[in-house]
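Given next are the chains, with one letter for each unit.
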Amino acid sequence: MGNLFSFSNTKAELQIAEAVALVNTLQNWTVLDKIILSTKTPDKKFIFGKGNFQILTEKIKELPHITAVFLNIERLSPLTKKELEDAWGVTVFDRYTVVLHIFRCNARTKEAKLQIALAEIPLLRANLKNEMSQLDQQRGGSRYIMGSGETFMEMQYRLLKEKEFKIRNALEKLRGKRSVLRTQRRRREFPVISVMGYTNCGKTTLIKALTGDEGLQPRDQLFATLDITAHGGYLPSHLAVIYVDTIGFLSELPHDLVESFSATLEDVAYSDLIVHVRDISHPETVLQKASVLSVLKKLNLPSHLLDSVVEVHNKVDLIESYQSPEPNAIAVSALLGYGLEELKEEIERTVLKTTGKKILTIKIKLAGPQLSWLYKEATVQEVDVMPEDGMANVKVIISNSALGKYKKLFPQ
């Protein structure tokens, strides 16, 4: 499918590059040409002034292989979309429909598919409203379905509402299951680290580098990850942690799409630490950071989680002699393995602080059950055996609750 672009944004170059990347994500979609034009309010019947509309119409006529036009605007009204399609004779996409189509292509799990179906409801509702207003104009008023006392439009709205109700119910059940899994994780006391960032910043590559999980296959495209996935790893002290790979962010991601994926992003609120990955080689990395932080604030996360975010500057291998302007950020190349040990140490330091875990040395009797209990309930770092005394000094990372249990079971 060939596409032509029209843009309206103060950061036009970022928008044009990002829109091209969106289209390139879709199989068999190709960008044939692009143009930057100013637009009016998207809810107006015509979003272009007469001059710009003429320029765009002539450009479309010059390119006979065009099958669609992508206007990089969050949402077009159904009326505007129809007017433009009638004028140009090709399908017109807005940002919402293109991103939704990418989501649809990348959805793997039942939950992701349900969330996409939920995101489609506002679109279906808007299309229905437009179709019915056109029918009413043609017929001169509403028509009732035989014997029901319900107009055709009312019946369609009711069916749509029932569909939405069923989708939300199914999502709620899946949310309940995830809540049970979270409880099990908490019981075992594995710290959970949510890895977040702008789409295509290298989150999956970083998690693969940190965990050695060969099953992870990073893809160089937008929204390659739609489902939250969890991956086990170890910190320098041998503390076991879970890294959670989340959906990537996009500037001006349509509100209804964020809303639909709120169930997925809900997991972030229950993590112990957020690692914010940035593609530091991107020319608009500062704007991308602002987009991610803006969405994080909308998620109503606990303040301690927002205050302890570890910022990672990824892809430093693409910048010669990179020096971070932000003193607390960790510079890495997930692809080449540069800076990973420093990052692990920073994650460990922050996780210990946020989870209230302690590093202690406990003296135990070798003949007793204490050592096997500590291996099971805590993270044993070192065992210094004193055979002449039948004792050992055990260096452990232990949570407050586990320490309380230990003191009850094995009073000194």
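Residues numbered from 1 in each chain as written. Predicted model: local features only at pLDDT ≥ 70, side-chain atom pairs only at ≥ 80, totals over all residues. Heavy atoms only, no water.

Undergrad: Account for the overall build of the protein chain, naming residues and giving values.
TA: Looking only at helices and strands, the protein chain features 14 helices and 15 strands. Classification of the 412 residues of the protein chain by burial places 46% in the buried group. Sequence separation of at least 24 residues holds for 66% of the intrachain contacts in the protein chain that already meet a minimum separation of 6. In the form shown here, the protein chain has an accessible surface area of approximately 21,400 Å², with 52% of it arising from carbon and sulfur atoms. (Helix = DSSP H or I, 4+ residues; strand = E, 2+ residues; numbered from the N terminus. Buried < 20%, exposed > 50% of the residue type's maximum accessible area, 1.4 Å probe, protein only. Contact = heavy atoms within 4.5 Å. Areas by Shrake-Rupley, 256 points an atom, 1.4 Å probe, with all protein chains shown as cover.)

Undergrad: Which residues make up helix H7 (residues 203–211), and what values do they have?
TA: When we look at burial in H7, the residues that qualify are Lys203, Thr204, Leu206, Ile207, Leu210 and Thr211. For H7, the angular spread of buried residues about the axis comes to 160°, placing them on one side. Residues of H7 that are buried sit in contact with strand E7 (192–197), strand E8 (229–234), strand E9 (240–245), strand E10 (273–279), strand E11 (310–314) and helix H12 (340–355). Of the residues flanking the end of H7, it is glycine 212, one or two places downstream, whose phi is positive at about 75°. (Arc of directions from axis to C-beta.)

Undergrad: Got a sec to walk through the sheet that holds strand E14 (residues 379–386)? Specific residues and values, please.
TA: Sheet strands line up and pair through hydrogen bonds in the backbone, either parallel or antiparallel. An order of E13-E15-E14 is seen for the 3 strands of this open sheet, with the pairing classed as antiparallel. The open sheet has two edge strands, strand E13 (358–365) and E14, and neither has a second partner. Sheet twist, expressed as the mean angle between neighbouring strand axes with direction ignored, is 20°. Here E14 pairs with strand E15 (residues 391–398) via 7 bridges, running antiparallel. Its bridge partner being in E15, aspartate 384 is matched across the sheet by asparagine 393. (Pairing = 2+ DSSP bridges. Axes fitted to C-alpha atoms, helices over the stretch in contact; angles between N-to-C directions.)

Undergrad: Summarise the sheet that holds E7; cite the residues concerned and give the values.
TA: Spatially, the 6 strands line up as an open sheet ordered E8-E9-E7-E10-E11-E12, and their pairing is mixed. The strands lining the two open edges of the sheet, one partner per strand, are E8 and strand E12 (330–331). Pairing of E8 with E9 involves 6 bridges; the strand directions are antiparallel. Among the inter-strand pairings, tyrosine 234 is bridged to a residue of E9, identified as alanine 240. Across the face of the sheet, helix H10 (residues 285–298) comes into contact with E7, E10 and E11 while running at roughly 155° to E10.

Undergrad: So what about the packing of aromatic side chains? Which residues, and what values?
TA: Summed over the entire model, instances satisfying the criterion amount to 6 aromatic pairs. Summarising the aromatic geometry, the rings of tryptophan 29 and phenylalanine 93 are spaced 5.2 Å apart at their centres and angled 45° between planes, so their arrangement reads as tilted. Here the residue tryptophan 29 occupies a position in the loop between helix H1 (12–25) and strand E2 (30–36), and phenylalanine 93 occupies one in strand E4 (residues 91–93), the gap between them amounting to 64 residues. Just as tryptophan 29 is buried, phenylalanine 93 falls in that class too. (Phe/Tyr/Trp six-rings, centres within 6.5 Å; stacked < 30°, edge-to-face > 60°.)

Undergrad: Which residues make up a nonpolar patch on the surface, and what are the values?
TA: Taken together, the side chains of Leu366, Tyr375, Val383 and Val385 define a hydrophobic patch exposed on the protein surface, amounting to about 330 Å² of accessible area. Secondary-structure assignment places valine 383 in strand E14. (Patch = residues over 30% accessible without salt bridge, like charges linked within 9 Å, V, L, I, M, F, W, Y side chains within 5 Å. Salt bridge = Lys/Arg side-chain N within 4 Å of Asp/Glu carboxyl O.)

Undergrad: Break down helix H14 (residues 400–409) for me, citing the residues and quoting the values.
TA: Every α-helix carries 3.6 residues per turn, so stepping three or four residues along brings you back to the same face. Listing the buried residues of H14 in full gives Ala402, Leu403 and Tyr406. End-on view of H14: buried residues confined to an arc of 100°, all on one side of the axis. Across H14 from its buried face, at more than 90 degrees, point the exposed residues Lys407 and Lys408. Against the buried residues of H14 lie E13, helix H13 (370–377) and E15.

Undergrad: Describe the environment of asparagine 72, with residues and values.
TA: Take asparagine 72: it is sitting in strand E3 (residues 68–72). In sequence terms asparagine 72 and aspartate 94 are 22 residues apart; their C-alpha atoms lie 5.8 Å from each other. Of note is the side chain of asparagine 72, whose polar atom sits 2.7 Å from the side chain of arginine 95. (Polar contact = N/O pair within 3.5 Å; in protein donor to acceptor, adjacent residues only side chain to side chain.)

Undergrad: Just give me the short version of the packing of helix H2 (residues 50–62) against helix H3 (residues 78–88), but keep the residues and values in it.
TA: Put simply, H2 and H3 touch, their axes get as near as 10 Å, and they point 50° apart. Considered as vectors, H2 and H3 are oriented oblique to each other. Counting all contacts with H2, which are made through Phe53, Leu56, Thr57 and Ile60, the residues of H3 involved are Leu84, Ala87 and Trp88. Split by residue class, the contact of H2 with H3 holds 6 nonpolar, 1 polar and no charged. (Parallel < 35°, antiparallel > 145°, perpendicular 65-115°, else oblique. Nonpolar A, V, L, I, M, F, W, Y, C, P; charged D, E, K, R; others polar.)

Undergrad: Mind laying out unusual backbone geometry, listing which residues take part and the relevant values?
TA: Keep in mind that most residues, glycine aside, have a negative phi and that most peptide bonds are trans. Phi is positive for histidine 238, which is not a glycine, with a value near 75°. In this structure, histidine 238 sits in the loop between E8 and E9. Of note, the phi angle at lysine 315 is positive, near 65°, even though the residue is not glycine. Mapping lysine 315 onto the fold places it in the loop between E11 and E12.

Undergrad: I'd like a description of the environment of phenylalanine 93, backed by residues and values.
TA: On the basis of relative accessible area, phenylalanine 93 is assigned to the buried category, the value being 15%. Spatially, the C-alpha atom of phenylalanine 93 lies 8.3 Å from that of asparagine 72, the residues being 21 residues apart in sequence.

Undergrad: With reference to specific residues and values, describe the confidence of the model for the protein chain.
TA: Here the protein chain averages 79 in pLDDT, while 76% of its residues score no lower than 70. At the low end of the mean pLDDT range in the protein chain sits strand E1 (residues 2–7), at 46; at the high end sits E11, at 96. Below pLDDT 50 for its whole length, residues 4–10 participates in 39 contacts with residues either more than four positions away or in separate chains. Per-residue pLDDT stays below 50 along residues 220–226; that stretch engages in 37 contacts with residues further than four places along the chain or on separate chains. (pLDDT = per-residue confidence, 0-100.)

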